[in-house]
6 protein chains.
Amino acid sequence: VTNKPLSGAIVPRFAGLATFMRLPHVPLQDADSIDIGLIGIPWDGGTTNRAGARHGPRQVREMSSLMRNVHPVTGVKPYEIANCADLGDVDVQPIEPAAALASIEQFFRAVRDQDIVPLSVGGDHLVSLPILRAISKGRRLGLVHIDAHSDTNDESLGRCRYTHGTPFRRAIEEGLIDPTRTIQIGIRGSLYAEDDLEWAHRQGIRIVPIEEFHDRGWAEVGRTVQHVIGDAPAYLTFDIDALDPAFAPGTGTPEVGGMSALEAQRLLRGLRGLRFIGADVVEVSPPFDPAGNTALAAATLVFEILCLLAEKLPQA
Amino acid sequence: VTNKPLSGAIVPRFAGLATFMRLPHVPLQDADSIDIGLIGIPWDGGTTNRAGARHGPRQVREMSSLMRNVHPVTGVKPYEIANCADLGDVDVQPIEPAAALASIEQFFRAVRDQDIVPLSVGGDHLVSLPILRAISKGRRLGLVHIDAHSDTNDESLGRCRYTHGTPFRRAIEEGLIDPTRTIQIGIRGSLYAEDDLEWAHRQGIRIVPIEEFHDRGWAEVGRTVQHVIGDAPAYLTFDIDALDPAFAPGTGTPEVGGMSALEAQRLLRGLRGLRFIGADVVEVSPPFDPAGNTALAAATLVFEILCLLAEKLPQA
Amino acid sequence: VTNKPLSGAIVPRFAGLATFMRLPHVPLQDADSIDIGLIGIPWDGGTTNRAGARHGPRQVREMSSLMRNVHPVTGVKPYEIANCADLGDVDVQPIEPAAALASIEQFFRAVRDQDIVPLSVGGDHLVSLPILRAISKGRRLGLVHIDAHSDTNDESLGRCRYTHGTPFRRAIEEGLIDPTRTIQIGIRGSLYAEDDLEWAHRQGIRIVPIEEFHDRGWAEVGRTVQHVIGDAPAYLTFDIDALDPAFAPGTGTPEVGGMSALEAQRLLRGLRGLRFIGADVVEVSPPFDPAGNTALAAATLVFEILCLLAEKLPQA
Amino acid sequence: VTNKPLSGAIVPRFAGLATFMRLPHVPLQDADSIDIGLIGIPWDGGTTNRAGARHGPRQVREMSSLMRNVHPVTGVKPYEIANCADLGDVDVQPIEPAAALASIEQFFRAVRDQDIVPLSVGGDHLVSLPILRAISKGRRLGLVHIDAHSDTNDESLGRCRYTHGTPFRRAIEEGLIDPTRTIQIGIRGSLYAEDDLEWAHRQGIRIVPIEEFHDRGWAEVGRTVQHVIGDAPAYLTFDIDALDPAFAPGTGTPEVGGMSALEAQRLLRGLRGLRFIGADVVEVSPPFDPAGNTALAAATLVFEILCLLAEKLPQA
Amino acid sequence: VTNKPLSGAIVPRFAGLATFMRLPHVPLQDADSIDIGLIGIPWDGGTTNRAGARHGPRQVREMSSLMRNVHPVTGVKPYEIANCADLGDVDVQPIEPAAALASIEQFFRAVRDQDIVPLSVGGDHLVSLPILRAISKGRRLGLVHIDAHSDTNDESLGRCRYTHGTPFRRAIEEGLIDPTRTIQIGIRGSLYAEDDLEWAHRQGIRIVPIEEFHDRGWAEVGRTVQHVIGDAPAYLTFDIDALDPAFAPGTGTPEVGGMSALEAQRLLRGLRGLRFIGADVVEVSPPFDPAGNTALAAATLVFEILCLLAEKLPQA
Amino acid sequence: VTNKPLSGAIVPRFAGLATFMRLPHVPLQDADSIDIGLIGIPWDGGTTNRAGARHGPRQVREMSSLMRNVHPVTGVKPYEIANCADLGDVDVQPIEPAAALASIEQFFRAVRDQDIVPLSVGGDHLVSLPILRAISKGRRLGLVHIDAHSDTNDESLGRCRYTHGTPFRRAIEEGLIDPTRTIQIGIRGSLYAEDDLEWAHRQGIRIVPIEEFHDRGWAEVGRTVQHVIGDAPAYLTFDIDALDPAFAPGTGTPEVGGMSALEAQRLLRGLRGLRFIGADVVEVSPPFDPAGNTALAAATLVFEILCLLAEKLPQA
């Protein structure tokens, strides 16, 4: 038998302890039978701009009480396919970034060693780097990266190589992801210099600016993603700032002119069939969203991704 | 002569007592000559989720001060066709739901008996049930239902048959609406179980999920509505959560991925000619919207609907 | 050994699932060894005014992460004296008040039967009634009632006998509390009629209006409480609206002119030695407090009360 | 018979159109029998700092739904002594200040001519000037002025003689108030120049800085007020910024270090017996108060003042 | 050499004094070498509705810290083409509108006399009038006007000829703009009377209602703009309420059903090549936007417009 | 001649670039003649709890526009005694704490070398440590420390020695301050362990818990401070969380039961005559304060402290 979320049809959604999707909380040491683990990473030590993503996991848990069990379009029933649980938060402190990155990596190594597919909620975007270090297992993974920003800077603030603006440059340099099987969707915003994206392009990353996304639409872009990523294992990372600030104001570096939430949902549905071995949703910063829409959107996207992950489980 | 709203070109919009559309407040007992009555129903006793819709009528009144007199696209001048008034709020207490439903029904019976077309502002969606009981007069009405949710559950919270998730199941069971002349637009969101909508489908309800709405567009969907509803009397109910939370965060069960406000406006304009004998806009919950956008959107939709109702008055 | 809160000196306060005081969550069926149980009652079905107290337990849990282990003035270390746990929320639905009151009573009977001292977080003030029904065991308990309102109305809204304005009238009528061992502190606010408090006075309730509280001070009033309550078992109920809205805006019926938080803390410290067999903190309504101060104040008062309860445990 | 507020014990407070104190709205032309008229002045054209007091009357009306009928300390029942009504808002436009001041004066002349005692809600503090012009009737009135600021500047912004910083200088120059029967309480805040208050002192105004108010207390200061004002007719003006921003953040020129709400209430109670012929509460600026505390405090102070006015009506 | 913004890649965006685009502040008297001047106009004395645009320049400056240097689509590098600076705010007082308009005109005459292209941030829309008076130099300018409202009323509030609803009627009457080279895009919202826009149409203004904008799209509408405006000098004015309130809630007269931010950006990009001699972005009212999205959108649009202006500088 | 703030009596407070106290911005290299430098430290890398103090300097600058020139009680005119300027923000990045601390120290060494008395606005409380390192010049300074917390922990989060909970332990260990001339006022809040403050007590620090402060009052406690500090040079550090969260919700570790703003002001006035060679106000975290009260309180306290510093300048 598998874990089932507490149903909002039985216990009101505002009741009970807030866990991801109202799933049981299962500490990692007891998680032998878990297929997909929802994990919070309350850390924003890589943030060069507005802080607050450390508070993301809690509010996404809270808002995820509004989710239900079955995907309305694909019909996927993730909790019947996969044994899911809230694995709690990574124990990570906000002061020393190097130690924090090591803690995250260590946690996800344990996740990997138990063959749990991780679906994480950040935290800022730098958390993707230690996750990739932990789960790539020497393979260069494909990467579907939905974001306003390419996050392939070399350095930020003159001298810092590990910030939320650099994770995918580091990941490529470290051989964790394959730039030719990397696609970035939703990219926009003014640039520091005209060659900001040149390095990314030179590596072979496929960049889909927001204008192309709007002009071609989610369905066609979905096909491009399928083409770029192919059949090999891949990772999915969703920076909530891919959404327009009207849909997700609570984020560290809001960038005007993004996707609507529905466009993001349909884009994700276009990724069915890809072999994701893990995913994250990052940069939810509750202090900058008085209405809580950002965390609600994030919770909804986590459910969309959960359905993607569940469908492609080996046993599914 | 008919009532005219206080003009924002003469008295500033922030001045004066807040009534719907800045119309005179006319108590029901003095409303003999009123054609269309705007009515507040400050009640959220059917809410299984986030409370607060009891505060909806006041903030919609406040925001409706921003409305003017003439429809910018259709040119309809509702206040020249119809004698309109703010009939005040239904006197309804928040503690005992059965008594509250009876009070609402009684109020709308009096409205009906004075041949006033009711245009109500909720309150949660359960208020549509006693309204329908009061005004259906033994006919099975057509229903245009714009919403994120089908609201045709049998029970909520294990045992409750009268909640904001069940009104239209009850209305069909009670013979108040004709399911084959019912259309639900904007439906979305994860499901409790794969057969959540099966009962609705079996009754013959036409469901237009948000994806179909987006793909076909408001104009085509409008034609589908015309086709489903036909010429017989119908009721229009608009749950503000049909809008995306970016446009309407202040609601009880926000559901990511909805309509934009403009899409909703244009959808409504596509309903011209239908024989609506009443309408409501429900689920505006001000405590969850610090900017007040939700009530503003609701006030705008009330004006759109008022134009629809005025055009089809017998004397119009 | 006893449960210990997760220390903010080890794991950051914003990390981890939010439980009361960061204590382990122990379901009631596993709570044999628990001395003091922290319990959420997410229910506001007795609220005649602004709704939202149903969301209280979650935000108090969230804010209670800021609490630590040792009382700074009395030196009490509750977690060394008492085995404490978060027992979760009472499973209570928002639609049918009578059923909800029965559910609450049933839960607290089970708590009582396991000899757990309950420390509850509401929820609106009507929740105190079913708690008292469950734990009074035929004794008439003393009552320390800190509140802006006496809550001894006979009826609200013309006809409702069970609302958050009536619990202590019902409790006296039902023989659950002894009015001559009842003291109400902080009472204020305009009255419906000059005899609003007459019934309470006639029963022998000692009312300390806010003006008397300010003039005599927390220390003297504390002595009055000791005198009124004496040595017999008593219950402590703290309505957060006893605090001024500057300190606690998020509540159902805010009343200008209340206590400061520090005055409330010191008043509670003056209650050491009383034989409380249970307590609650109620009427925290997060939607009306954008800064979260109300829940923070409530969490702090819960800690103050926890220290009172722990000191007087039989084994302490 | 006199008008009675709609009782919150019968109709929920969140229901019905928002009028001051839930009193009937009586247009000035129908107000023959009214003793005390509550009047909104939605105008902030004299504001040199943060705008928004134009929105004050609406939110004070909204929050005044929380008031009841009988004073809890003095026992005064204003609605049994005096026939009260909400006279609506002065029709005043925000663009041309001179015209606006003329409109206000004209409205209050009509109020005076009907022997109605005006109790106004601003609007910024400049509104007191046209009120005084209308009701002073050639007498030099005493003035009880509770405020953070003396508002006796000669000019603001280099050249403007009519702003919310100058009304009482103008009123003295115009012979509307008697400076030797004027007392200003709660004055604080850094000064433009050391002689900012010199003019006021030279006129004989008694200034009670906040420090003196705190040190001597409301009771003693109340006696000072009685002494300064004496038996002759006087006007009472309460700038909400007299309260500390913790109690009233929503105001144009917040000044740290003010009164608590309870201190203000008790100060007002110390003014019983003075012959006030009118009063106002001004500078409530809702856009700067997300929790609404400021308007709630203002509504409460309006009730306190209403009791003062009612007690001293000729027929009382 | 030209001024360069402080780079967010070197100094964090939240650091340093907030100037427009993090450019140096250069007082007008030292601005000899400046090509494009960013100017704040903290004035809302023409506002007939919700106040607060006086606070616009400060929050737009704050949010403009998030902008960078190079346009992501056109590749324009404004700071390499043009010497830009923050010229500070116009010294303008909020009390006397006529004096304020004169101050604004005087400031922009000085700007014009130094051959600086002004890019202003309001303030309410009436500020465009004195700007046009200062810079039109006897030519009748073309006008690209993006807005929810036509702002060609004759009078507001019965008698006021100079409000934020009248600037372009006055500008045409004064011969400052050429109505046949004027295009208004995004117009929507209910009307006071059916002939509200008749005067505008009779002058030859091309009005693109929001429905036409949506149906034809930004690219085609851009071509229409090019056709209407032609090669002669023109002015660009962007009222932030052209955006839907979901994207820009913080404005004086929000109008449901507007553009998305991305649509606005792309519309602006379609205006490349036009000979703009100045521009403004107006009606940003921070008190009505708790999340700050409105100012962020405005800052982004200012950057878009800056690129347009820089490209067409004589020396560019 | 000395710098004078832009007067709010001449230019509206909402106008102009926001600098501390509306003083001119003078970069450090041009600051030869400056006596007192106001400095922002936008850094919260030592925060173990809620982030956001990095945004403190900007909002304190914004709110400091409300300050004026002359102290209302002491009559001190700081800008006539001392040449003051806004020296801008320390250039400090948020990623690497050690580098950040070094940057801060370096900046304040330059300040010290120019004989400028620094008055800083944080930033979190760890910033006091590098300031003390820079300005102590080998002397052990006295310390007046107003705060809810002692900040003398040895480590936080298990292993971090440099956090906002440890600065004064490090400062004592490094010989920067003299514990026997250190006084901490306002201390409160539950403890991790009963010996949390033992180290501090053993060093000879005089701790005044909030209860003692309330019981003895600001005047007596001021005398105690004078006694503890004596005549030798001292530093003043004010953590805004010394204020109750009702007065200052926007802070990293809010602690219920604190001072009122007026008590804090009067306490500071009791420190006249002490030889402060620098001061800071820290822990203002704007994202947690939707009304902005916290920054306003901080700006007011900065003015109070500025008066203290100015009076004791060597040349004063």
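You'll find the structure just up there.
What you see is a predicted model; the values in this text were computed from it and never measured.

Conventions and cut-offs
- Residues numbered from 1 in each chain as written.
- Chains lettered and ligands numbered in written order.
- Predicted model: local features only at pLDDT ≥ 70, side-chain atom pairs only at ≥ 80, totals over all residues.
- Heavy atoms only, no water.
- Helix = DSSP H or I, 4+ residues; strand = E, 2+ residues; numbered from the N terminus.
- Contact = heavy atoms within 4.5 Å.
- Buried area = accessible area lost by both parts, 1.4 Å probe.
- Salt bridge = Lys/Arg side-chain N within 4 Å of Asp/Glu carboxyl O.
- Polar contact = N/O pair within 3.5 Å; in protein donor to acceptor, adjacent residues only side chain to side chain.
- Nonpolar A, V, L, I, M, F, W, Y, C, P; charged D, E, K, R; others polar.
- Buried < 20%, exposed > 50% of the residue type's maximum accessible area, 1.4 Å probe, protein only.
- Pairing = 2+ DSSP bridges.
- Least-squares fit on C-alpha atoms with pLDDT ≥ 70 in both.

(A) Fine view of the side chain of Thr251 of chain C. Mapped onto the elements of the fold, Thr251 of chain C is located in the loop between strand 7 (234-239) and helix 8 (261-269). What Thr251 of chain C contacts, discounting residues up to four positions off in sequence, is Arg50, Asp239, Ile240, Asp241, Glu283, Ser285 and Phe288 of chain C.

(B) Spotlight on the interface of chain F and chain D. Taken together, the 31 residues of chain F in the interface contact 29 residues of chain D. Interface area for chain F against chain D, summed over the two sides, is near 2,500 Å², with a carbon-plus-sulfur share of 58%. Our count for the chain F to chain D interface comes out at four salt bridges. Here chain F and chain D share ten residue pairs in polar contact (both at pLDDT 80 or more) between them. Elements with a contribution of two residues or more to the side of chain F that touches chain D: helix 8 (261-269) and helix 9 (293-311) of chain F. Of the residues contributing to the side of chain F that touches chain D, the split by class is 20 nonpolar, six polar and five charged.

(C) Structural context of the pairing of strand 2 (residues 84-89) of chain D. Residues and elements named next belong to chain D. Burial analysis of strand 2 places six of its six residues in the buried class, the great majority of the element. Across four bridges, strand 1 (residues 36-41) lies against strand 2 in parallel orientation. Bridge pairing in strand 2 places Ile36 opposite Cys84.

(D) Region of interest: the pattern of salt bridges. All names here are of chain C. Following the criterion strictly, the structure yields 138 salt bridges over all chains and no others. Between Glu105 and Arg109 there is a salt bridge; the shortest N-O distance is 2.5 Å. Residue Glu105 and its partner Arg109 are both found in helix 3 (residues 97-113); the two are separated by four residues, about one turn of the helix. Residue classification places Glu105 among the buried residues on the basis of a relative accessible area of 17%. For Arg109, a relative accessible area of 32% puts it in the partly exposed group.

(E) Highlighting the relation of the copies chain F and chain D. Expressed as a screw operation, the relation of chain F to chain D combines 0.0 Å of axial shift with a rotation of 120 degrees, fitting to an RMSD of 0.0 Å. The transformation just described matches what one would write down for a three-fold rotation axis. By C-alpha distance to the rotation axis, the residue of chain F lying nearest is Ala246 of chain F, at 3.3 Å. Both copies present different contact surfaces, since only 10% of the interface residues of chain F are interface residues in chain D too.

(F) Inspection of the relation of the copies chain E and chain A at higher detail. Expressed as a screw transformation, the operator carrying chain E onto chain A has a rotation angle of 120 degrees and an axial translation of 0.0 Å, and the superposed copies differ by an RMSD of 0.0 Å. The share of interface residues of chain E whose copies in chain A are also at the interface is only 10%, consistent with the copies meeting through different surfaces.

(G) The arrangement of the interface of chain E and chain A in detail. Each partner contributes to the interface: chain E provides 31 residues, whereas chain A provides 29 residues. Both faces considered, chain E and chain A share a buried interface measuring about 2,500 Å² in area, 59% of it formed by carbon and sulfur atoms. By the criterion of area lost to chain A, the three top residues of chain E are Arg68, Leu262 and Arg266 of chain E, representing 25% of everything that side buries. Counting across the interface, chain E meets chain A through four salt bridges. Two residues, Glu194 of chain A and Lys77 of chain E, come together in a salt bridge whose shortest N-O distance is 2.6 Å. Among the elements of the structure, helix 8 (261-269) and helix 9 (293-311) of chain E are those that each provide at least two residues to the side of chain E that touches chain A. For the side of chain E that touches chain A, the residue count by class is 20 nonpolar, six polar and five charged.

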